[in-house]
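The lines below spell out each chain.
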Amino acid sequence: MVGYGIQSMLKDGHKHLSGLDEAVLKNIGAGRELSAITRTSLGPNGMNKMVINHLDKLFITNDAATIVNELEVQHPAAKLLVLAARAQQEEIGDGANLTISFAGELLEKAEELIRMGLHPSEIIIGYTKAINKTLEILDDLVEKGSENMDVRNREEVVLRMKSAVASKQFGQEDVLCPLVADACIQVCPQNPGNFNVDNVRVAKLVGGGLHNSSVVRGMVLKNDAVGSIKKVEKVKVAVFAGGVDTSATETKGTVLIHSAEQLENYAKTEEAKVEELIKSVADSGAKVIVSGAAVGDMALHFCERYKLMVLKVSSKFELRRFCRTTGAIALVSSGIKICLLNSNSNFILMPCAL
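Residues numbered from 1 in each chain as written. Predicted model: local features only at pLDDT ≥ 70, side-chain atom pairs only at ≥ 80, totals over all residues. Heavy atoms only, no water.

Asker: Which parts of the structure should I look at to understand the overall build of the chain?
Answerer: On a plain count of helices and strands, the chain comes out with 10 helices and 7 strands. Every one of the 354 residues in the chain was classed for burial, and the buried ones make up 26%. A fraction of 59% describes how many contacts in the chain between residues 6 or more apart in sequence connect residues 24 or more apart. Only carbon and sulfur atoms are counted for the fraction: they give 56% of the accessible area of the chain, which is about 24000 Å². (Helix = DSSP H or I, 4+ residues; strand = E, 2+ residues; numbered from the N terminus. Buried < 20%, exposed > 50% of the residue type's maximum accessible area, 1.4 Å probe, protein only. Contact = heavy atoms within 4.5 Å. Areas by Shrake-Rupley, 256 points an atom, 1.4 Å probe, with all protein chains shown as cover.)

Set out below in structure tokens:
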């Protein structure tokens, strides 16, 4: 039987919902359900949620942006709230939970008005008037001088930061705000609009507490140095993006050894090549080698002989931050044994492989 109206335009198995009960109230219900999930995590005393995503990765958090992103919401109306929370998080960095919870409250009040007989368009007009009145009130609540404040003034920054920090760490804002302000002011560029959040990192060390926290002007690597040399000062640094180790050839071959002397010479050739590169690093004046991958035992042996400190940075993102901090560039071309000297920052730029 040939359909008519909208049924003739949609494929088999479609669902067409209309009217208050089928469409409007169901969409409101979906938004309220999503709001009920995140509402109990709102504020400094909010509860944590345990979320397991499609990759079976476990999240225990009270951050609404993380919760709604990992839930993978499919309902179109509820998805609008997810997009609003995501936009709030990306634009402001805070208030994602308030966005969803407040939207859920507005939908709940709208449902009551609809059941009383009001049309949705009339409710929208009322909410629009409320928005305009709210914007007038918000202008009076802004801290005076915020429009032209000095972002490098520690006291002014701490004053405006406390409410945001207290929403996550209630009672600890007096400890955390000065630390956060000092860290942000140190890395603030000439144009504050170009501030890079990635320039401020948090390193958690086992055995300490919140009151042991401090600001370090530089970069903290949680991994210990490889080898016996643990401390150096005012030195040049060599950065290897691909590790410090002997590399295997792309083709396979067979070596026929007739005597013990030939076997000894064969092993010495490999050692000589490794020592040649380590010695070239030492001769260039570098005292620290930073590796982005594995450090071979033979290379480590020669680093100890030439008194070189070895650091291993496994994460490529941490390695990029290290290079940005020191002004170095980790080269990835193999087979080049030329050391490039950066005279501006007093660091050595090195290729990645032997």
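Asker: Sorry if this is basic, but what is going on with a nonpolar patch on the surface here?
Answerer: Taken together, the side chains of I131, L135, I137, L138 and L141 present a nonpolar region at the surface, about 500 Å² in accessible area. Relative to the elements of secondary structure, L138 occurs in helix α5 (residues 120–141). Looking at L138, the relative accessible area reads 44%, which means it is partly exposed. (Patch = residues over 30% accessible without salt bridge, like charges linked within 9 Å, V, L, I, M, F, W, Y side chains within 5 Å. Salt bridge = Lys/Arg side-chain N within 4 Å of Asp/Glu carboxyl O.)

Asker: Quick question: what am I supposed to make of the environment of V202 here?
Answerer: Structurally, V202 can be placed in the loop between α7 (173–186) and β3 (236–240). With a relative accessible area of 72%, V202 lands in the exposed category. On a C-alpha basis, the gap between V202 and V215 in space is 9.5 Å, while along the polypeptide they are 13 residues apart.

Asker: I keep staring at helix α6 (residues 154–166) and nothing clicks. Help me out?
Answerer: Given 3.6 residues to a turn, an α-helix orients residues that are three or four positions apart in the same direction. Taking 1.5 Å of rise per residue, 13 residues should cover 18 Å, and α6 covers 18 Å from first to last C-alpha, within 8% of that figure. Along α6, the largest kink reaches about 35 degrees and is centred on R160. Residues of α6 that are buried: V157, V158, M161, V165 and A166. On its buried side, α6 packs onto α7. By the N-cap criterion, in which a side-chain oxygen at the helix start approaches the backbone nitrogen of a residue two or three places on, α6 is capped by N153, the distance to E155 being 3.1 Å. (Expected span 1.5 Å × (residues − 1). Bend = angle between axes of the 7 residues up to and from the residue. Polar contact = N/O pair within 3.5 Å; in protein donor to acceptor, adjacent residues only side chain to side chain.)

Asker: Explanation requested: helix α4 (residues 96–116) in the structure shown.
Answerer: Under the 1.5 Å per step criterion, the end-to-end length of α4 is 31 Å for 21 residues, consistent within 8% with the ideal 30 Å. Within α4, the full set of buried residues consists of A96, N97, I100, S101, A103, G104, A110, E111 and I114. At the exit of α4 stands G117, carrying a positive phi of roughly 115 degrees.

Asker: What's the story with the packing of α6 against α7 in this structure? I'm lost.
Answerer: For any two helices packed against each other, the geometry is given by the interaxial angle and the distance between the axes. Two elements in contact, α6 and α7, have axes whose closest approach is 9 Å; the angle formed by their N-to-C orientations is 125 degrees. Between α6 and α7, the angle falls in the class oblique. The element α6 and its partner α7 pack so that their crossing is right-handed. The segment α6 lies against α7, with R154, V157, V158, M161, K162, V165 and A166 engaging E173, D174, L176, C177, P178, V180, A181, D182 and I185. Of the residues that constitute the contact of α6 with α7, the class distribution is 11 nonpolar, no polar and 5 charged. (Axes fitted to C-alpha atoms, helices over the stretch in contact; angles between N-to-C directions. Parallel < 35°, antiparallel > 145°, perpendicular 65-115°, else oblique. Left-handed = near helix turned anticlockwise from the far one by under 90°. Nonpolar A, V, L, I, M, F, W, Y, C, P; charged D, E, K, R; others polar.)

Asker: I would appreciate a short explanation of the nonpolar core in the present structure.
Answerer: When a protein is soluble and globular, its nonpolar side chains tend to lie buried together. Ranked by size, the top nonpolar core spans 17 residues in total, and within it F240, I278, V281, I289 and L308 carry the most contacts. Within the residue set of this core, elements represented by two or more residues are β3, α8 (260–283), β4 (286–291) and α9 (297–305). (Core = buried A, V, L, I, M, F, W, Y, C linked by side-chain atoms within 4.5 Å.)

Asker: Explain the pairing of strand β2 (residues 58–61) here, please?
Answerer: A regular strand places its side chains on the two faces of the sheet in alternate fashion. Residue alternation in β2 divides its side chains into a buried set, F59 and T61, and an unburied set, L58 and I60. Relative to β2, strand β1 (residues 49–52) is paired through 4 bridges, and the arrangement is antiparallel. Across the sheet, I52 pairs through a bridge with L58, a residue of β2. Here β1 folds back onto β2, and the loop between the two strands holds 5 residues, one of which, D56, carries a positive phi near 65 degrees. (Pairing = 2+ DSSP bridges.)

Asker: Any chance you could explain unusual backbone geometry here in plain terms?
Answerer: Note: most residues except glycine have negative phi, and most peptide bonds are trans. Notably, E72 is not glycine yet its phi reads approximately 55 degrees, a positive angle. Along the chain, the position of E72 falls in the loop between α2 (64–71) and α3 (76–91). The backbone phi angle of K234 is positive, close to 50 degrees, even though this residue is not glycine. With respect to the helices and strands, K234 occurs in the loop between α7 and β3.

Asker: Is there a simple way to think about the packing of α4 against α5 in this case?
Answerer: Running from amino to carboxyl end, α4 crosses α5 at an angle of 135 degrees, the nearest separation of the two axes being 10 Å. If you check the angle between α4 and α5, you find them oblique. In the packing of α4 onto α5, the handedness of the crossing is right-handed. Each of L106, K109, A110, L113 and I114 in α4 lies in contact with α5, whose residues at this interface are P120, I123 and Y127.

Asker: What's the story with the pattern of salt bridges in this structure? I'm lost.
Answerer: Opposite charge on two side chains lets them pair, provided their charged atoms get close. One pass over the structure, following the stated rule, counts 9 salt bridges. Taking the shortest distance from any N to any O, the salt bridge between R39 and E105 comes out at 3.3 Å. Of this pair, R39 sits in helix α1 (residues 19–39) while E105 sits in helix α4, and the two are 66 residues apart along the sequence. Given a relative accessible area of 34%, R39 falls into the partly exposed group. The class of E105 is partly exposed, set by a relative accessible area of 31%. Its salt-bridge partner being E318, residue R321 comes within 2.6 Å of it at the nearest N-O pair.

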